[in-house]
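Observations on the model geometry
Letter by letter, the chains look like this.
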Amino acid sequence: MATGPDAAAGKPGATARNTEYRIAHLQERLVGEELAEMGMRIEYRGDTVHITGTASTAGDREAILRVAAEELPDMPVRADIVLADATAPDHPEEIS
Amino acid sequence: MIRVAAVGDIHMGKDSRGLFRPAFETLHDCADLLLLAGDLTRHGKPDEAQVVADEVTGLPVPVVAVLGNHDHHDERPEEVTAILRSAGVTVLEGEGAVFKVGGALVGVAGTKGFGGGFAGRCGSEFGEPEMKSFVRRTRSCADGLRGALEQLAQAGCAFRIALTHFSPVPDTLAGEPLEIYPFLGSYLLAEAMDEAGADLAVHGHAHQGTEHGLTSGGIRVRNVAQPVIRRAFAIYHLHEHPDVKGVKVAGGVEVAEA
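Residues numbered from 1 in each chain as written. Chains lettered and ligands numbered in written order. Predicted model: local features only at pLDDT ≥ 70, side-chain atom pairs only at ≥ 80, totals over all residues. Heavy atoms only, no water.

When helices and strands are tallied, chain A shows two helices and four strands. Reading the helices (α) and strands (β) of chain A from amino to carboxyl end gives α-β-β-α-β-β. Within chain A, the fraction of its 96 residues that count as buried is 33%. Partitioning the intrachain contacts of chain A with sequence separation of at least 6 by distance along the chain shows that 59% fall at a separation of at least 24. (Helix = DSSP H or I, 4+ residues; strand = E, 2+ residues; numbered from the N terminus. Buried < 20%, exposed > 50% of the residue type's maximum accessible area, 1.4 Å probe, protein only. Contact = heavy atoms within 4.5 Å.)

Shown next, in the form of structure tokens:
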């Protein structure tokens with residue numbers, strides 16, 4: 001029953017939905033702005049937004065974090081963004 | 001045996017100029033050709049294409065490319081293609097190119113490809129014009145790829161490689177959210193490869209996918225998106241299959257002598 005103190009039970013759900021849309025807007029900004037970044041996974045887990053992926057350059061990683069901070073200023077954001085490795089491979093794969 | 005270097009999704013812009021050149025300059029020691037599997041630029045702008053062109057110009061191996069969706073974003077794919085070609089890159093869309101490696105003819109058939117999804121879980125040419133156009137576009141890419149692979153067989157290529165940006169199979173998408181698979185590839189591409197035949201399929205586009213896959217006809221598929229292979233390029237040594245070696249090499253020699 002949505003009465004008494006339990007009526008507030010609707011609020012966490014509303015907050016979660018709100019966060020879902022805000023994450024979607026963050027992803028749209030990453031794609032639409034100068035970054036053109038479509039390869040980041042952004043998920044809401046345990047009251048924290050987690051950003052995971054591979055960035056082309058250190059500048060890109062900083063830009064992703066900056067945009068995330070602008071879009072989600074009131075939320076903790078954790079980022080596991082690794083940089084692409086542009087070194088030559090050390091071995092081939094044999095395909096027969 | 002031929003040595004194929006391949007990478008996709010390098011997403012170059014002015015700030016990444018020179019990033020890949022040191023690794024590319026090692027290609028003469030380890031590869032016979034370099035394949036670029038699309039998304040070479042960030043937005044498909046001419047100045048970004050020039051960065052890519054400068055990165056690969058003068059390399060000691062042939063460079064073959066298809067464009068990706070990023071290379072179309074600025075709606076100037078013809079300009080991007082022209083800039084890459086001016087640097088000596090062979091840019092393919094629904095066509096093939098043949099290279100002589102040692103005594104063997106190596107054919108590369110390329111198309112950007114498009115989405116739509118995989119067998120049993122895909123879009124259809126039905127309903128709104130936009131939906132029909134979407135699926136028709138993928139079918140057109142697949143038809144171009146099939147025709148190019150068939151022409152490479154007729155030309156007597158000992159090795160045939162299918163180069164796309166979008167994925168032909170779901171195998172190499174593992175790690176991506178299932179919900180976006182229809183935007184990452186189409187079974188129509190794999191069907192074309194299986195019908196026409198190929199020794200290897202190389203694609204990009206799926207940054208969170210995995211490297212290895214197979215078509216249902218048994219063609220090896222490799223996702224070479226740079227975030228997946230985590231190197232400047234991957235190298236594949238393609239060995240001739242003993243059952244087909246005689247037939248294919250004989251065909252190649254006939255064409256070469258003609």
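Residues and elements named next belong to chain A. Inspection of the entire model under this criterion finds 20 salt bridges over all chains. Here Glu70 ties to Arg29 by a salt bridge, and the two come within 2.7 Å at their closest N and O atoms. One end of the pair, Glu70, is in helix α2 (residues 58-71); the other, Arg29, is in helix α1 (residues 10-32), and 41 residues separate them in sequence. A salt bridge links Arg29 to Glu71; the nearest nitrogen and oxygen atoms lie 3.3 Å apart. A residue pair is termed long-range when its members are at least 10 positions apart, and Arg29 in helix α1 and Glu71 in helix α2 qualify at 42 residues. A residue is classified by how much of its surface remains accessible, and Glu71, at 23% relative accessible area, is partly exposed. Each of the salt bridges in this network shares a partner with another, and the network as a whole consists of Arg29, Arg66, Glu70 and Glu71. (Salt bridge = Lys/Arg side-chain N within 4 Å of Asp/Glu carboxyl O.)

Residue and element names in this part refer to chain B. Relative to the elements of secondary structure, Phe24 occurs in helix α1 (residues 21-24). What makes Phe24 buried here is its relative accessible area of 0%. With 19 residues separating them in the primary sequence, Phe24 and Ala5 have C-alpha atoms 9.6 Å apart. The contact partners of Phe24, leaving out residues within four places of it in the chain, are Val7, Leu34, Glu55, Val56, Leu59, Ala232 and Phe233.

On to the interface of chain A and chain B. Chain A puts 24 residues into the contact, and the matching count from chain B is 33 residues. Taken over both partners, the interface formed by chain A and chain B buries close to 2500 Å², and the fraction arising from carbon and sulfur atoms is 47%. Taken together, chain A and chain B are joined by three salt bridges. We note a salt bridge from Arg222(B) to Glu93(A), for which the minimum N-O separation is 2.7 Å. Joining chain A to chain B, the criterion identifies 17 residue pairs in polar contact (both at pLDDT 80 or more). Per element, the largest residue contribution to the side of chain A that touches chain B is three residues, and it comes from strand β4 (residues 93-95) of chain A. Class assignment of the residues belonging to the side of chain A that touches chain B gives a composition of eleven nonpolar, six polar and seven charged. For β4(A) and strand β13 (residues 234-238) of chain B, the ladder comprises three bridges, and the chain directions are parallel. What sits directly across from Glu94(A), in β13(B), is His237(B). (Buried area = accessible area lost by both parts, 1.4 Å probe. Polar contact = N/O pair within 3.5 Å; in protein donor to acceptor, adjacent residues only side chain to side chain. Nonpolar A, V, L, I, M, F, W, Y, C, P; charged D, E, K, R; others polar. Pairing = 2+ DSSP bridges.)

Another point: the pairing of strand β12 (residues 220-223) of chain B. Residue and element names in this part refer to chain B. Bridge analysis of strand β10 (residues 200-203) against β12 gives three bridges, and the strand direction is parallel. Residue pairing across strands places Val202 opposite Arg222, the latter belonging to β12. Direction of pairing for strand β11 (residues 212-214) relative to β12: antiparallel, over a ladder of three bridges. Note that in β12 the partner of Leu214 across the bridge is Arg220. Hairpin connection from β11 to β12: five residues lie between these consecutive antiparallel strands, with Gly218 at a positive phi of about 95°.

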